[in-house]
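Structural overview
These are the residues of each chain, in order.
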Amino acid sequence: MISSKQVALKPGDTVGILGGGQLGRMLALAAARLGLKSHVFSPDPDSPAFDVVQHCTCAEYADIEALELFASDVDVITYEFENVPTAAALALQARRPVLPDTKVLETTQDRLSEKNFVNALGIGTAGYADVTSAESLRQAVKKIGLPAVLKTRRFGYDGKGQAMIREGDDLDAVWAALATRSAILEGFVPFEKEVSVIAARSADGHVVCFDVTENEHQNHILKFSYAPAAIPAALADEARDIAAKIANALNYVGVLGVELFVVPGANGPRLLVNEIAPRVHNSGHWTLDGASVSQFEQHIRAIAGWPLGNPIRHGQVTMTNLIGDDILDYGKWLTMPGATVHLYGKGTSRPGRKMGHVTEVKPHK
Ligand code: AMP
């Protein structure tokens, strides 16, 4: 295995990106702007990231031969999604540095180990309990109380693999419907706001956080981000400190997103960590047009062994996700004064599918 400290790309070198969605596409575009090439590996022939790179491999993540060929063509490997199969990660890291280190995935692919890790750092989360059967769900409900949210430990996103449980619900039915053998029950957090911090960490341990972002979801999917979040400055500092502490404890190299709940407390609002995303994050898309360095560029800089940027925000920024049929309005957005439109080049829109986003920046006076 090659240490992250040894990575020092030169312009013209190639970044390998696992995953071909919009995040991979925007990473590849950021790499290109810095004079780097990208090679995208994805099993989906319609990957939006394939459209913006010259080198792509369309193969399954279980295809070790294809992974090895991919690795031999690149100088460093990164990923745009957290569910990279362990066998794929091992095959790749035997040949090229993989950043962030795949050990990070063990912590973040599993909601229980992630929550244990965050709590061990002295950072708060919702109360939680391990659930492996209908009987243990009953025990968990006694411990955590209701309302609560039952979540699969793995492979959940955008509200998938989750069930809200209220007083009087049939626990056997809820457990059967989740169709899993490993879940956690989380206490329902009566949050005031949801915020996130996008942090970048370089191999030498330098951490740079973007301004805290406020996030609004619709149907469990991010719809709007606002930067900066309308929260007290001390709370914003605390949110950034939490993200930095997490990045340091993971010995992280690259960009990560930390989602937090702002909850009312007797002594003012408090923060609880909801989730860590070991990758660039939708709530950081505003940085593409709203800051001097984007989250995608920061990630590429970090994994290339280059200095991180010191992002300066250009003003009050709003990011609107174009989800499903929202994409049909792209003509309206194209003529909206001050709007910057990003379309991901995905063929067909489906309900809940992220098709693009728009950034609007209200400049500082
Ligand atoms: P997650 O997939 O864990 O990020 O959850 C998706 C969304 O569901 C979050 O952004 C919240 O809006 C909501 N949510 C998740 N967990 C909780 C919780 N414990 N209490 C309240 N709302 C939650």
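If you're wondering where the values come from, they're calculated on a predicted model, not measured in any experiment.

Cut-offs applied
Residues numbered from 1 in each chain as written. Predicted model: local features only at pLDDT ≥ 70, side-chain atom pairs only at ≥ 80, totals over all residues. Heavy atoms only, no water. Helix = DSSP H or I, 4+ residues; strand = E, 2+ residues; numbered from the N terminus. Rg over C-alpha atoms; globule rule 2.2 N^0.38 Å. Buried < 20%, exposed > 50% of the residue type's maximum accessible area, 1.4 Å probe, protein only. Contact = heavy atoms within 4.5 Å. Areas by Shrake-Rupley, 256 points an atom, 1.4 Å probe, with all protein chains shown as cover. Near = heavy atom within 4 Å. Polar contact = N/O pair within 3.5 Å; in protein donor to acceptor, adjacent residues only side chain to side chain. 1 Å grid on protein atoms, 1.4 Å probe; cavity = no way out; pocket = protein on both sides within 12 Å on 5 of 7 lines; lining within 4 Å. Points joined across faces, edges and corners; volume = space filled by probe spheres on them. Nonpolar A, V, L, I, M, F, W, Y, C, P; charged D, E, K, R; others polar. Domains from an automatic or database assignment. Arc of directions from axis to C-beta. Patch = residues over 30% accessible without salt bridge, like charges linked within 9 Å, V, L, I, M, F, W, Y side chains within 5 Å. Salt bridge = Lys/Arg side-chain N within 4 Å of Asp/Glu carboxyl O. Phe/Tyr/Trp six-rings, centres within 6.5 Å; stacked < 30°, edge-to-face > 60°.

Attention now goes to the overall build of the protein. When helices and strands are tallied, the protein shows eleven helices and 17 strands. Relative to a compact globule of 365 residues, whose C-alpha radius of gyration would be 21 Å, the protein shows 20 Å and is just as compact. With respect to the three principal axes, the spread of C-alpha positions in the protein is 60 × 55 × 40 Å. For the protein, with 365 residues in total, the buried portion stands at 55%. Contacts in the protein between residues at least 24 apart in sequence constitute 62% of all its contacts with a sequence separation of at least 6. Within the structure as shown, the protein displays about 15900 Å² of accessible surface, and the carbon and sulfur contribution to it stands at 51%.

Within the structure, the ligand sits among 16 residues, and Lys151, Gln162, Glu186, Val189 and Glu194 are positioned closest to it. One of the backbone nitrogen or oxygen atoms of Val189 is found 2.8 Å away from a nitrogen atom of the ligand. Within the side chain of Glu194, one N or O atom sits 2.5 Å away from an oxygen atom of the ligand. Elements with a minimum of two residues in the shell around the ligand: β6 (148-152), β8 (183-187), β13 (254-263) and β14 (270-277).

Estimates place the volume of the second largest pocket at around 300 Å³. Every element with two or more residues in the lining of the second largest pocket is listed here: α1 (22-33), α9 (287-290) and β16 (339-343). Its residues assigned to classes, the lining of the second largest pocket shows nine nonpolar, four polar and three charged. Built from parts of two domains, the lining of the second largest pocket gets at least three residues from each of domain 1 (4-98) and domain 3 (193-363).

Every α-helical turn comprises 3.6 residues, leaving residues that sit three or four positions apart pointing alike. The set of residues buried in helix α2 (residues 64-72) consists of Ala66, Leu67, Phe70 and Ala71. Projection of α2 onto a plane perpendicular to its axis shows the buried side chains occupying an angular sector of 140 degrees, all on one side. The exposed set on the far side of α2, more than 90 degrees from its buried face, consists of Glu65 and Leu69. Of the surrounding secondary structure, the elements contacted by the buried residues of α2 are β1 (14-18), β2 (37-42), β3 (55-58), β4 (76-79) and α3 (86-93).

The next thing to look at is a nonpolar patch on the surface. On the surface, Tyr330, Leu334 and Leu343 cluster together to form a nonpolar patch covering roughly 280 Å² of accessible area. Along the polypeptide, Tyr330 turns up in helix α11 (residues 330-334).

Another aspect to go through is unusual backbone geometry. Cis geometry marks the peptide bond from Leu99 to Pro100, where omega comes out at -5 degrees. Considering the arrangement of structural elements, one finds Pro100 in the loop between α3 and α4 (103-108). The omega torsion of the bond from Ala227 to Pro228 falls at 0 degrees, within 30 degrees of zero and hence cis. Note on placement: Pro228 falls in the loop between β12 (221-227) and α8 (233-249). Phi is positive for His220, close to 70 degrees, though the residue is something other than glycine. Along the chain, His220 turns up in the loop between β11 (213-218) and β12.

Now for the packing of aromatic side chains. Overall, the coordinates contain six aromatic pairs when judged by the stated rule. Pairing Phe41 with Phe70 gives two aromatic rings, centres 5.3 Å apart and planes at 65 degrees, and the pair type is edge-to-face. On the criterion of sequence distance, the pair formed by Phe41 in strand β2 and Phe70 in helix α2 is long-range, its members being 29 residues apart. Across the pair, Phe70 and Phe41 agree in class, each one buried. Here the aromatic rings of Phe224 and Tyr226 are separated by 6.2 Å at their centres, their planes lie at 25 degrees, and the arrangement is stacked. Members of the aromatic cluster, connected to one another through ring pairs, are Phe41, Tyr61, Phe70 and Phe81.

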